[in-house]
Amino acid sequence: MKALVIGLGGVTNGGKTTLAKKLKKRLPNCDIISQDDFFKPESEVETDERGFKLYDVLDALYMDEMVKRIRNWMKSPASSGVVTEEPQNTCDNVKNTEVYILIVEGFLLYNYEPLNELWNRRYFLTLPYEECKRRRSTRVYQPADTPGYFDGHVWPMYLKYKSELEENASNIVYLDGTKSQEELLSCVYSDIIQELKKLREGSK
């Protein structure tokens, strides 16, 4: 039994969750872990001098719990509750293989060192400022974004972490989040299929 751990990171409202769900429908033995499930309660998230809740930083997340959850999945993917029925439109050459796939999606995946040793493939969705702000304005958050929050906290933190990635990280596939969902799905799906083939060939 082999496991493939895929990181699907990037900008807020870049389409990470949508892409992860579409991939899960098409890939065999696929499960998803979402970073959003590891946010600390609002009372534990720091507030800066402007009154902004600092959600877009690692300290706002139970990252150690997230790593633990991923490692537990890697130890026993077959018993993780992953759905193993026949996925839709799966290539014949990846069906019925004992490879389990975990897609981890979130906005701060690659700036936390304990996670970086776990990835088989890493993707990073990007958006230009105006499009990101437009999409963000259509979403309802709990707690809600306060006036100036996007410009004062969300976007600067995205630029900071993206800059750190570009300086320090390698082997990240950058994806243009303005492309259609079908284009993004086709690109990432094809890439993962190639990884599955490599794993299978390596086990022969």
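Since we're looking at a predicted model, the values are computed, not measured.

**Q** Explain helix α6 (residues 181-202) here, please?
**A** Each turn of an α-helix holds 3.6 residues, which means side chains three or four residues apart point in the same direction. Taking 1.5 Å per residue, 22 residues should reach 32 Å; α6 reaches 31 Å between its end C-alpha atoms and fits that length. Those residues of α6 that sit buried are L184, L185, V188, Y189, I192, I193, E195, L196 and L199. Projection of α6 onto a plane perpendicular to its axis shows the buried side chains occupying an angular sector of 165°, all on one side. When the buried face of α6 is taken as reference, the exposed residues oriented beyond 90 degrees from it are K198 and E201. Elements that come into contact with the buried residues of α6 comprise β1 (2-10), α1 (16-26), β3 (99-105), β4 (121-126) and β5 (172-176).

**Q** Help me understand the packing of α1 against α6 in this model?
**A** For any two helices packed against each other, the geometry is given by the interaxial angle and the distance between the axes. Across the interface, α1 lies against α6 with an axial gap of 10 Å and an inter-helix angle of 55°. Judged by the angle between their axes, α1 and α6 are oblique. Relative to α6, α1 is oriented so that their crossing is right-handed. Across the interface between the two elements, T18, L19, K22, L23 and R26 of α1 pack against Q181, L184, L185, V188, Y189 and I192 of α6.

**Q** Looking at this model, I keep getting lost on the environment of I70. Mind explaining?
**A** Note that I70 resides in helix α2 (residues 63-75). Considered as a pair, I70 and L102 are 32 residues apart in the sequence and their alpha carbons are 8.3 Å apart. Excluding residues within four positions of it along the chain, I70 makes contact with I33, L102, V104, L115 and L118.

Parameters at a glance
Residues numbered from 1 in each chain as written. Predicted model: local features only at pLDDT ≥ 70, side-chain atom pairs only at ≥ 80, totals over all residues. Heavy atoms only, no water. Helix = DSSP H or I, 4+ residues; strand = E, 2+ residues; numbered from the N terminus. Expected span 1.5 Å × (residues − 1). Buried < 20%, exposed > 50% of the residue type's maximum accessible area, 1.4 Å probe, protein only. Arc of directions from axis to C-beta. Contact = heavy atoms within 4.5 Å. Axes fitted to C-alpha atoms, helices over the stretch in contact; angles between N-to-C directions. Parallel < 35°, antiparallel > 145°, perpendicular 65-115°, else oblique. Left-handed = near helix turned anticlockwise from the far one by under 90°.

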